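# Commentary on secondary and tertiary structure
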Amino acid sequence: MNQPAVEVVDLVMRYGSTTAVDGLSLTIEPGTVTSILGPNGAGKTTTIETCEGFREPQAGSVRVLGLDPRADARELRPRVGVMLQSGGAWSGARAHEMLRHIASLHAHPLPVDLLIERLGMQHFGRTPYRRLSGGQQQRLSLAMAVVGRPELLFLDEPTAGLDPAARHATWDLIKELRGQGVTTVLSTHYMDEAEALSDCVHIVDHGRVIASGTVEELALTGAQNTIRFVARSGLDVESLTLVLGRATLVEEITAGSYVVTGDVDPALLAALMSWCADQQVLIDSVMVERQTLEDRFLDLTGRQLR
Ligand code: ADP
């Protein structure tokens, strides 16, 4: 198996009496877009900043591209792109100057003009950093993080406060970089962002990973999904429940309208169809309703994401 791009084992980080990260472990596979998804205060930024080498693990360990983010910082710097939530630019520097300067520090930077156009930064090139709007600062920070063609990219809430156009430009760029083999680690509290981009999602709450997997796996694992179907009224739901088994509940909610609740998978759907065939029942319509990641988060934590 490939060496993980990032490996965090039992990380603990405290600020005074606040435990921000509480024994968090996760692995990020190379070439993926991986989201760390959780509400504000879950410990995402602290975890990412530790991976970036800005903080020393208080307990546990962090490896990035097989290296120690602090001891091997010099080796990692040209290979890792970092977008900080707080920007990280000089307040007096003009936007394009700043980007060109960062590009000049790298051996094979991306074409700066192309990046400026991609991220819609043409119109504020001469504006000093401190006068940029929040969204403009975000885009400049993203451009600075990617311009050096990093192997691994850390993006902390990259689209917070962006308008929809800039948000989609950011998503497109992340997808394109994935196509080039770049690993992206993304912290976000936007469910749709995690769903749209991620090969893998780690759901974090109270400083721990509480579930990991692909969007599909997370939405399905242990999920109470439903099948709704319409057929003639008065089917023998008790016999159907026996056949479907596995803690499945079948109800006729209104005449001829049925809901099957349980661990819905292809085998369950096939068993339902087969039972109907045996009973000479022709289904008029059938619909599988899958949980979204949002539902899953609610299940896991008892809370909405925001
Ligand atoms: P997230 O990125 O998921 O919002 P953070 O890592 O920023 O989470 O914060 C986790 C917890 O640690 C929160 O309770 C936050 O208030 C606290 N925290 C974060 N940074 C500091 C800091 N510099 N000093 C004190 N507490 C902090």
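See the structure shown above.
Residues numbered from 1 in each chain as written. Predicted model: local features only at pLDDT ≥ 70, side-chain atom pairs only at ≥ 80, totals over all residues. Heavy atoms only, no water.

### Section: the state of the cysteines
Scanning the model with the defined rule gives zero disulfides in all. Here Cys 51 is not cross-linked by a disulfide; its sulfur's nearest cysteine counterpart is in Cys 200, at 14 Å. Note on Cys 51: relative accessible area 5%, which makes it buried. (Disulfide = S-S within 2.5 Å. Buried < 20%, exposed > 50% of the residue type's maximum accessible area, 1.4 Å probe, protein only.)

### Some points on the site of the ligand
Taken together, Tyr 15, Thr 18, Ala 20, Pro 39, Asn 40, Gly 41, Ala 42, Gly 43, Lys 44, Thr 45 and Thr 46 form the complete shell of residues around the ligand. A distance of 3.0 Å is found between an oxygen atom of the ligand and a backbone nitrogen or oxygen belonging to Ala 42. Between Thr 45 and the ligand, the recorded distance is 2.7 Å, taken from a side-chain N or O atom to an oxygen atom. Considering the ligand on its own, with 560 Å² of exposed area, one finds that the protein chains cover 60% of that surface. For the shell around the ligand, the secondary structure elements donating two or more residues are β2 (18-28) and α1 (44-51). Of the residues assigned to the shell around the ligand, the class counts are four nonpolar, six polar and one charged. (Near = heavy atom within 4 Å. Polar contact = N/O pair within 3.5 Å; in protein donor to acceptor, adjacent residues only side chain to side chain. Areas by Shrake-Rupley, 256 points an atom, 1.4 Å probe, with all protein chains shown as cover. Helix = DSSP H or I, 4+ residues; strand = E, 2+ residues; numbered from the N terminus. Nonpolar A, V, L, I, M, F, W, Y, C, P; charged D, E, K, R; others polar.)

### Comments concerning the pairing of strand β9 (residues 208-213)
Across five bridges, strand β8 (residues 200-205) lies against β9 in antiparallel orientation. Bridging across to β9, Val 204 finds its partner in Val 209. Count of turn residues in the β8/β9 antiparallel hairpin: two residues, of which His 206 carries a positive phi of about 50°. (Pairing = 2+ DSSP bridges.)

### A look at the sheet that holds strand β4 (residues 59-64)
With antiparallel pairing, the three strands of this open sheet are ordered in space as β2-β1-β4. Edge positions in the open sheet fall to β2 and β4, since each of these has one partner strand only. Within this sheet the neighbouring strands show an average axis-to-axis angle of 25°, counted without direction. Pairing of strand β1 (residues 6-15) with β2 involves eight bridges; the strand directions are antiparallel. Paired with Met 13 across the strands is Val 21, a residue of β2. Along the sheet face, α1 touches β1, β2 and β4 and points at about 120° away from the line of β1. (Axes fitted to C-alpha atoms, helices over the stretch in contact; angles between N-to-C directions. Contact = heavy atoms within 4.5 Å.)

### Re the packing of helix α3 (residues 95-104) against helix α5 (residues 134-146)
Here α3 crosses α5 at 15°, and the two axes come no closer than 9 Å. Comparing the axis directions of α3 and α5 gives the class roughly parallel. Relative to α5, α3 is oriented so that their crossing is right-handed. Along the contact surface, α3 presents Ala 95, Met 98, Leu 99 and Ile 102, while α5 presents Leu 140, Ala 143 and Met 144. Here the residues of the contact of α3 with α5 are counted per class, giving seven nonpolar, no polar and no charged. (Parallel < 35°, antiparallel > 145°, perpendicular 65-115°, else oblique. Left-handed = near helix turned anticlockwise from the far one by under 90°.)

### Some points on the environment of Val 64
As for its position among the elements, Val 64 is in strand β4. On the basis of relative accessibility, which here comes to 1%, the residue Val 64 falls in the buried class. Setting aside residues up to four positions removed in sequence, Val 64 forms contacts with Ala 5, Cys 51, Pro 69, Leu 76, Val 80, Leu 152 and Phe 154.

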